[in-house]
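# Architecture at a glance
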Amino acid sequence: MAVLKVKFTKTKRDKLAQILWILNWVSVVSGIILFSLGLFLKIEIKKRNEVMAKGDINSVPNMLISVGVIACIINFLGGKICYDCSDANKFSRWKLVMLPYIVCTFCFTFCILVGALMCYTMRNELEESLYLGLRDAIKFYKDTDIPGRCFLKKTVDLLQIGFHCCGNNGFRDWFEIQWVSPRYLNMASKEVLDRLKSNVDGKFLVDGVPFSCCNPSSPRPCIQYQLTNNSAHYNYDFLTEELNIWVKGCREALLDYYTGIMRSIGIAALLIWLFELSVLIGVRYLQTAMKNVLLLGDLEGESDGWLLENSFVETAKYNISIIKNLSKANQISTVSGMNDPNIDVQNANCGKTNIPTKSIPADR
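Cut-offs applied
- Residues numbered from 1 in each chain as written.
- Predicted model: local features only at pLDDT ≥ 70, side-chain atom pairs only at ≥ 80, totals over all residues.
- Heavy atoms only, no water.
- UniProt positions renumbered as here; feature names shortened; annotations may be inferred.
- Core = buried A, V, L, I, M, F, W, Y, C linked by side-chain atoms within 4.5 Å.
- Buried < 20%, exposed > 50% of the residue type's maximum accessible area, 1.4 Å probe, protein only.
- Helix = DSSP H or I, 4+ residues; strand = E, 2+ residues; numbered from the N terminus.
- Domains from an automatic or database assignment.
- Contact = heavy atoms within 4.5 Å.
- pLDDT = per-residue confidence, 0-100.
- Disulfide = S-S within 2.5 Å.
- Axes fitted to C-alpha atoms, helices over the stretch in contact; angles between N-to-C directions.
- Left-handed = near helix turned anticlockwise from the far one by under 90°.
- Nonpolar A, V, L, I, M, F, W, Y, C, P; charged D, E, K, R; others polar.
- Phe/Tyr/Trp six-rings, centres within 6.5 Å; stacked < 30°, edge-to-face > 60°.

Going by an unreviewed UniProt entry, the protein carries the name RDS2 protein and comes from Grantiella picta. The record held by UniProt for the protein lists under Sequence similarities (unreviewed entry) the comment "Belongs to the PRPH2/ROM1 family." The Subcellular location (unreviewed entry) comment attached to the protein in UniProt states, word for word, "Membrane".

Rendered as structure tokens:
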């Protein structure tokens, strides 16, 4: 029994073909949108690649870009097919192509769904990449004279100013690393030498943060040094007073930023997937309706259209049996004595071979 069978008149078939022709062109535009969203996400990730560890974070934008290009191609072809389906004579040219086209389009729409879901499952990979990348960037903040690292100070400062953040997980991350270059340390100073000697690794550690951590909206001048020393500042209590530096870590700030972008892209991709799926259903109805009208031989008469010719269970069993038969056809028998492909070929019986000599007429 056919699934969701609908009866079509010639007028309904023509209208369906015209509507699908228009919708396929709209789908081309949706493919361009997918391509643009993927390209936008790729550019946004590339802007911060200095503070991101290498990983699979580009898989989502690459997926969206690929799906967008394929959408433009496959929907352009679909528009041509639907335009020709308004004429039964032109449909005969696409008769053998439409079913493979529908199968390919179904796989393509599934890829859109996968791309949309990947936008929501990418958070963990992105968080790990940001954590490792920011950790290394802050670690090399002081290396302004080393090639390949001299740009990291500017990158981190602009990042902290732009995203109102400080450190990787928070401002205390700066307490655990030497972020002041040795060229700016006075080695003749007893305070500097004492700090270097007090650390096992010989690092100059201070309870201070770079200037880019300062919050310009604070009414009090920025306190970026001796943050934990109450006596170093007038009317200051480190434990109770709200600090005038950014408290949120840059990892959290960047993660929120990219999560918001990917959530919006995921919603857009899901809407495009639903639209593409509805177009695919319409093309399937048009294909079956035109196929049946050719079988009936009456091009002006009514014909049935459906999603599946048989039920879901019967269709699944039929496809499974085809796969099993294909796998059996590719198997080579390894039974002893059965390796010769001609072993079961019977010899042609051309008549009796043992003819008694007395039955042969003698020459006269």
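Trp 174 and Val 209 are the most contacted members of the largest nonpolar core, which totals 79 residues. When contributions to this core are tallied by element, the ones reaching two or more residues are helix H1 (10-47), helix H2 (59-84), helix H3 (88-121), helix H4 (123-139), helix H5 (152-163), helix H6 (190-198) and helix H7 (250-296). The element contributing the most residues to this core is H7, with 18 residues. Structurally, this core is a two-domain feature, drawing no fewer than three residues from each of domain 1 (2-137 + 252-320) and domain 2 (174-247). In this view, Trp 174 contacts Ile 138, Tyr 141, Val 156, Gln 160, Cys 166, Gly 167, Trp 179, Val 206, Gly 208, Val 209, Pro 210 and Cys 213; residues no more than four positions away in its chain are not counted.

Moving on, we get to the environment of Val 51. Structurally, Val 51 is set in the loop between H1 and H2. Residue Val 51 is classed as buried on the basis of its relative accessible area, which comes to 2%. The spacing of Val 51 and Leu 134 is 83 residues in sequence and 4.9 Å in space, taken between C-alpha atoms. Every residue in contact with Val 51, bar those within four places of it in the chain, is listed here: Ser 129, Leu 130, Gly 133, Leu 134, Ala 137, Thr 155, Leu 159 and Leu 254.

Should the pLDDT be low somewhere, the predicted coordinates at that spot are not to be read in detail. A residue-level look at the protein finds 84% of positions with pLDDT of 70 or above and a mean pLDDT of 82. The element-level mean pLDDT for the protein is lowest in helix H8 (residues 312-329), coming to 67, with H5 highest at 94. This model gives residues 332-345 a pLDDT under 50, and the stretch forms five contacts once residues within four places in sequence are excluded.

Any covalent bond linking the sulfur atoms of two cysteines counts as a disulfide. Counting across every chain of the model gives three disulfides. Linked covalently through their sulfurs, Cys 165 and Cys 250 form a disulfide whose S-S length is 2.1 Å. Taking the torsion about the sulfur-sulfur bond, which here is approximately 85°, the covalent link between Cys 165 and Cys 250 counts as right-handed. One end of the pair, Cys 165, is in the loop between H5 and H6; the other, Cys 250, is in helix H7, with 85 residues separating them in the sequence. Residue Cys 165 is classed as buried on the basis of its relative accessible area, which comes to 0%. For Cys 250, a relative accessible area of 2% puts it in the buried group. A disulfide bridge connects Cys 214 with Cys 222, and the sulfur atoms are separated by 1.9 Å. Classification of the bridge connecting Cys 214 and Cys 222 rests on its S-S torsion, roughly -75°, and on that basis the disulfide is left-handed. For Cys 222, a relative accessible area of 32% corresponds to the partly exposed category.

Between H4 and H7, whose axes approach to 10 Å, the crossing angle comes to 145°. Viewed along their axes, H4 and H7 form a crossing whose handedness is right-handed. Residues Arg 123, Leu 126, Glu 127, Leu 130, Tyr 131 and Leu 134 of H4 form the contact with H7, whose participating residues are Cys 250, Arg 251, Leu 254, Leu 255, Asp 256, Tyr 258, Thr 259 and Met 262. Classifying every residue of the contact of H4 with H7 gives nine nonpolar, one polar and four charged.

Those residues carrying the UniProt feature "transmembrane region" (unreviewed entry) are residues 20-40, 60-78, 98-120 and 265-286 in this numbering. Between the C-alpha atoms that bound residues 60-78 there is a distance of 26 Å. The span itself is 100% helix and 0% strand. In residues 265-286, the share of helix is 100% and the share of strand is 0%. The end C-alpha atoms are 31 Å apart.

Here we take up the packing of aromatic side chains. With the rule as written, the count across this model stands at 10 aromatic pairs. Taken together, a centroid distance of 6.1 Å and an interplanar angle of 55° make the contact between Phe 8 and Tyr 285 tilted. With Phe 8 in strand S1 (residues 6-8) and Tyr 285 in helix H7, the pair connects residues that are 277 residues apart, well separated along the chain. Each member of the pair, Phe 8 as well as Tyr 285, is classed as buried. Arranged with centres 5.0 Å apart and planes meeting at 75°, the rings of Tyr 141 and Trp 174 form a pair that is edge-to-face. One end of the pair, Tyr 141, is in the loop between H4 and H5; the other, Trp 174, is in the loop between H5 and H6, with 33 residues separating them in the sequence. No difference in accessibility class separates Tyr 141 from Trp 174, as the two residues are buried. Put simply, the rings of Tyr 141, Trp 174, Trp 179 and Tyr 225 touch in pairs and so form one group of aromatic residues.

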